[in-house]
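Coordinate analysis (summary)
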Amino acid sequence: MPVSRTIEAPAETETPEGVEEHQHDPPWVVLVWNDPINLMSYVALIFRRLFGYSEAKANQLMLQVHEEGKAVVASGSREKCEFDVARLHAHGLWATLRQD
């Protein structure tokens, strides 16, 4: 009865010419801007619901938005931040993203 054997091929260890190593993008951040429409209590509630912040953290961010005009509420990959901005827009908040 014949026995089968596995032969391992050597792995290529050099990077082929013309191929650069992938560099990670710097993180992106989500900014929420102050607006004259939404109540401060509503803004804090949205921060708690969308991002899972504690009441104290949500209130601190809400006050930063109110007093300084904006606050960073999330960070991560571009795709994640685009998704977070869309969710904030769906709840009536003014939000943008930028590369940090």
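Anything mentioned here points back to the structure above.
This section reports on the structure supplied with the text.

Procedures and definitions
Residues numbered from 1 in each chain as written. Predicted model: local features only at pLDDT ≥ 70, side-chain atom pairs only at ≥ 80, totals over all residues. Heavy atoms only, no water. Salt bridge = Lys/Arg side-chain N within 4 Å of Asp/Glu carboxyl O. Helix = DSSP H or I, 4+ residues; strand = E, 2+ residues; numbered from the N terminus. Axes fitted to C-alpha atoms, helices over the stretch in contact; angles between N-to-C directions. Parallel < 35°, antiparallel > 145°, perpendicular 65-115°, else oblique. Left-handed = near helix turned anticlockwise from the far one by under 90°. Contact = heavy atoms within 4.5 Å. Nonpolar A, V, L, I, M, F, W, Y, C, P; charged D, E, K, R; others polar.

1. Section: the pattern of salt bridges
- Across all of its chains, the model carries three salt bridges by this definition.
- The shortest N-O distance in the salt bridge between Asp 84 and Lys 80 comes to 2.7 Å. Note that Asp 84 and Lys 80 are positioned in helix α3 (residues 78-90) at a spacing of four residues, about one turn of the helix.
- By sharing partners, the salt bridges in this structure join Lys 80, Asp 84 and Arg 87 into a single network.

2. Describing the packing of helix α1 (residues 40-51) against α3
- Interaxial distance between α1 and α3 falls to 11 Å at its minimum, and their mutual angle equals 140°. Between α1 and α3, the crossing angle belongs to the class labelled oblique. The two elements α1 and α3 cross, and the hand of that crossing is right-handed. Of α3, the residues touching α1 (which contributes Ile 46, Phe 47, Leu 50 and Phe 51) are Asp 84, Arg 87 and Leu 88.
- By residue class, the composition of the contact of α1 with α3 is five nonpolar, no polar and two charged.

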